[in-house]
Amino acid sequence: MGGAGPHAAEALSALLDAQLAAADEQVVRAHLAGCPACAAELRQVEMARSWVRGLPPVDPPFGFYERLLDTPRRRRWAAASLAAAAAASVAFMGVLPAREAPVKPAVATLIRTHAVTASVDGDPVSQLATAGVPVSFRP
Amino acid sequence: MADDGIPTWEEVARTYGRFLYTVAYRLTGNDDDAQDLVQDVLLRVRRGLETYRPGSLEGWLSRITTNAFLDDVRRRRRRPLDALPDDPDRAVPPAIGADETSAAESISDEVQAALTHLPDEYRAAVVLCDVVGLSYEEIGEALGIPVGTVRSRIHRGRRQLREGLA
């Protein structure tokens with residue numbers, strides 16, 4: 001039983017909170033039965049205790065945690081997608097043939113198509129393009 | 001949850017966000033300081049600065065929160081100029097007109113104001129006991145003080161609170 005003087009004092013809150021050893025609890029209860037001052041104090045602290053216990057939960061401002069978590073998470077996601085892209089390109093390169101394969105583009109067809117479209121008047125882009133076609137390639 | 005059982009800070013925010021904010025608000029008494037405190041707690045969790053012992057996550061988080069709060073209080077005490085709030089109303093929730101809020105909200109505001117006026121160490125013990133629901137032994141461990149001191153702080157805190165609301 002702690003506290004000042006002959007009164008139960010600080011043991012009163014511990015009594016309310018069921019934090020006293022059985023023997024101490026008996027002593028405090030016996031004291032309370034004959035001490036109006038301690039009985040009154042018990043009622044006072046009991047009231048204060050119930051007020052604090054009755055306080056409701058508090059919600060954070062809207063979006064508080066989202067804002068808090070946003071920046072680092074975005075950074076991590078960016079890092080993760082970079083890593084994934086790197087891994088994907090490595091994997092892609094892995095499936096490519098090791099040696100260069102010969103390609104046969106249909107050059108003649110491409111030139112013919114270009115010459116036809118470039119001959120249409122009125123389109124400045126096409127007109128410019130005709131200047132780049134060597135005469136010897138005309139069909 | 002990470003492999004070692006320690007929750008990540010995202011998990012803490014997602015699952016215990018409201019609990020954490022409530023403890024921070026009850027300790028600091030206003031939104032600005034509660035937000036700073038929660039941010040500090042999440043940083044401590046993220047940096048792995050706080051030892052996690054399997055058990056009540058609420059107990060672990062409230063221990064971190066209370067210690068972060070008291071660390072900040074002590075830092076301010078060492079720099080007395082910082083102890084003065086910029087705005088005198090900041091430490092106490094602004095008075096709200098009776099027509100703007102319900103009676104229950106008004107009582108909560110008064111109790112919070114009285115709580116905010118308690119000495120910081122008393123408030124920490126009262127919040128851990130009556131808001132979080134820790135035992136005296138757990139509070140002693142959280143604050144690094146003997147159980148007898150916990151008992152005394154809680155009782156004196158409640159008595160002052162009652163006097164403040166008389």
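Shown above is the structure to which this text applies.
Residues numbered from 1 in each chain as written. Chains lettered and ligands numbered in written order. Predicted model: local features only at pLDDT ≥ 70, side-chain atom pairs only at ≥ 80, totals over all residues. Heavy atoms only, no water.

Another aspect to go through is the overall build of chain B. Helices and strands together make up the secondary structure of chain B, namely eight helices and zero strands. Looking at chain B as a whole, 49% of its 166 residues are labelled buried. Here the analysis covers contacts within chain B between residues at least 6 apart in sequence; of these, 63% occur between residues at least 24 apart. Summing over all exposed atoms, chain B offers an accessible surface of approximately 8400 Å²; the carbon and sulfur share of this is 49%. (Helix = DSSP H or I, 4+ residues; strand = E, 2+ residues; numbered from the N terminus. Buried < 20%, exposed > 50% of the residue type's maximum accessible area, 1.4 Å probe, protein only. Contact = heavy atoms within 4.5 Å. Areas by Shrake-Rupley, 256 points an atom, 1.4 Å probe, with all protein chains shown as cover.)

Turning next to the pattern of salt bridges. In total, this model carries 17 salt bridges over all chains according to the counting rule given. As a salt-bridge pair, R53 of chain A and D130 of chain B come within 2.7 Å of each other at their nearest N and O atoms. Of this pair, R53 of chain A sits in helix 3 (residues 36–53) while D130 of chain B sits in helix 6 (residues 120–132), placing the two residues on different chains. On the basis of relative accessibility, which here comes to 40%, the residue R53 of chain A falls in the partly exposed class. In this structure, D120 of chain B and R123 of chain B form a salt bridge, with 2.8 Å as the shortest nitrogen-oxygen distance. (Salt bridge = Lys/Arg side-chain N within 4 Å of Asp/Glu carboxyl O.)

Opposite the 35 residues of chain A that make contact, chain B presents 36 residues. Buried surface at the junction of chain A and chain B, summed over both partners, amounts to about 3200 Å²; 63% is from carbon and sulfur atoms. Between chain A and chain B we count five salt bridges in total. The residue D17 of chain A makes a salt bridge to R158 of chain B at a minimum N-O spacing of 2.9 Å. Remark: the boundary between chain A and chain B carries 17 residue pairs in polar contact (both at pLDDT 80 or more). Of all the secondary-structure elements, those providing two or more residues to the side of chain A that touches chain B are helix 1 (11–16), helix 3 and helix 4 (64–95) of chain A. Broken down by element, the side of chain A that touches chain B gets its largest block of residues, nine residues, from helix 3 of chain A. A breakdown of the residues in the side of chain A that touches chain B according to their chemical character gives 23 nonpolar, four polar and eight charged. (Buried area = accessible area lost by both parts, 1.4 Å probe. Polar contact = N/O pair within 3.5 Å; in protein donor to acceptor, adjacent residues only side chain to side chain. Nonpolar A, V, L, I, M, F, W, Y, C, P; charged D, E, K, R; others polar.)

Summed over the entire model, instances satisfying the criterion amount to two aromatic pairs over all chains. Arranged with centres 5.8 Å apart and planes meeting at 65 degrees, the rings of F64 of chain A and Y21 of chain B form a pair that is edge-to-face. Separated into two different chains, F64 of chain A in helix 4 and Y21 of chain B in helix 1 (residues 9–28) make up a pair that spans both. Judged by its relative accessible area of 4%, F64 of chain A is buried. Members of the aromatic cluster, connected to one another through ring pairs, are F64 and Y65 of chain A together with Y21 of chain B. (Phe/Tyr/Trp six-rings, centres within 6.5 Å; stacked < 30°, edge-to-face > 60°.)

We now examine the nonpolar core. Core analysis: the largest hydrophobic core is formed by 68 residues, its most contacted members being Y65 of chain A together with L42 of chain B. When residues no more than four places from it in sequence are discounted, the contact partners of L42 of chain B are Y65 and L68 of chain A together with W9, V12, A13 and L20 of chain B. (Core = buried A, V, L, I, M, F, W, Y, C linked by side-chain atoms within 4.5 Å.)

A few words now on the environment of E58 of chain B. Residues and elements named next belong to chain B. Within the secondary structure, E58 is located in helix 3 (residues 57–78). When the C-alpha positions of E58 and F19 are compared, they lie 7.8 Å apart, and in sequence the two are 39 residues distant. Not counting the four nearest positions on each side in its chain, E58 is found in contact with Y16 and F19.

A separate point is helix 1 of chain B. All names here are of chain B. With 20 residues, helix 1 ought to run about 28 Å at 1.5 Å a step, yet its terminal C-alpha atoms sit only 21 Å apart, falling short of that. The sharpest bend along helix 1 comes to roughly 85 degrees, located at Y16. In terms of burial, helix 1 is largely enclosed, as 15 of its 20 residues are buried. (Expected span 1.5 Å × (residues − 1). Bend = angle between axes of the 7 residues up to and from the residue.)

The subject of this paragraph is the packing of helix 1 of chain B against helix 2 (residues 31–46) of chain B. Residue and element names in this part refer to chain B. Where helix 1 contacts helix 2, the two axes come as close as 9 Å, and the packing angle between them is 140 degrees. One way to sum up the angle between helix 1 and helix 2 is to call them oblique. The element helix 1 and its partner helix 2 pack so that their crossing is right-handed. Where helix 1 abuts helix 2, its residues W9, V12, A13, L20, Y21, A24, Y25, L27 and T28 lie against D31, D33, A34, Q35, L37, V38, V41, L42, V45 and R46. Each residue belonging to the contact of helix 1 with helix 2 can be placed in one class, and the counts come to 14 nonpolar, two polar and three charged. (Axes fitted to C-alpha atoms, helices over the stretch in contact; angles between N-to-C directions. Parallel < 35°, antiparallel > 145°, perpendicular 65-115°, else oblique. Left-handed = near helix turned anticlockwise from the far one by under 90°.)

This next bit is on the packing of helix 6 of chain B against helix 8 (residues 147–164) of chain B. Residues and elements named next belong to chain B. It is the contact of helix 6 with helix 8, at a shortest axis distance of 8 Å, that shows an interaxial angle of 100 degrees. Relative to helix 8, helix 6 is oriented roughly perpendicular. On helix 8, the residues touching E121, Y122, A125, V126, C129 and D130 of helix 6 are R153, I154, R156, G157, R158 and Q160.

Let's shift gears to helix 7 (residues 136–143) of chain B. Y136, I139, G140, A142 and L143 of chain B are the residues of helix 7 of chain B that are buried. Each buried residue of helix 7 of chain B sits inside an arc of 165 degrees when the element is viewed along its axis, so together they form one side. Facing away from the buried side of helix 7 of chain B by over 90 degrees, the exposed positions are E137 and E141 of chain B. At its buried positions, helix 7 of chain B is contacted by helix 1 of chain A together with helix 3, helix 6 and helix 8 of chain B. Downstream of helix 7 of chain B by one or two residues, G144 of chain B has phi in the positive range, about 70 degrees. (Arc of directions from axis to C-beta.)

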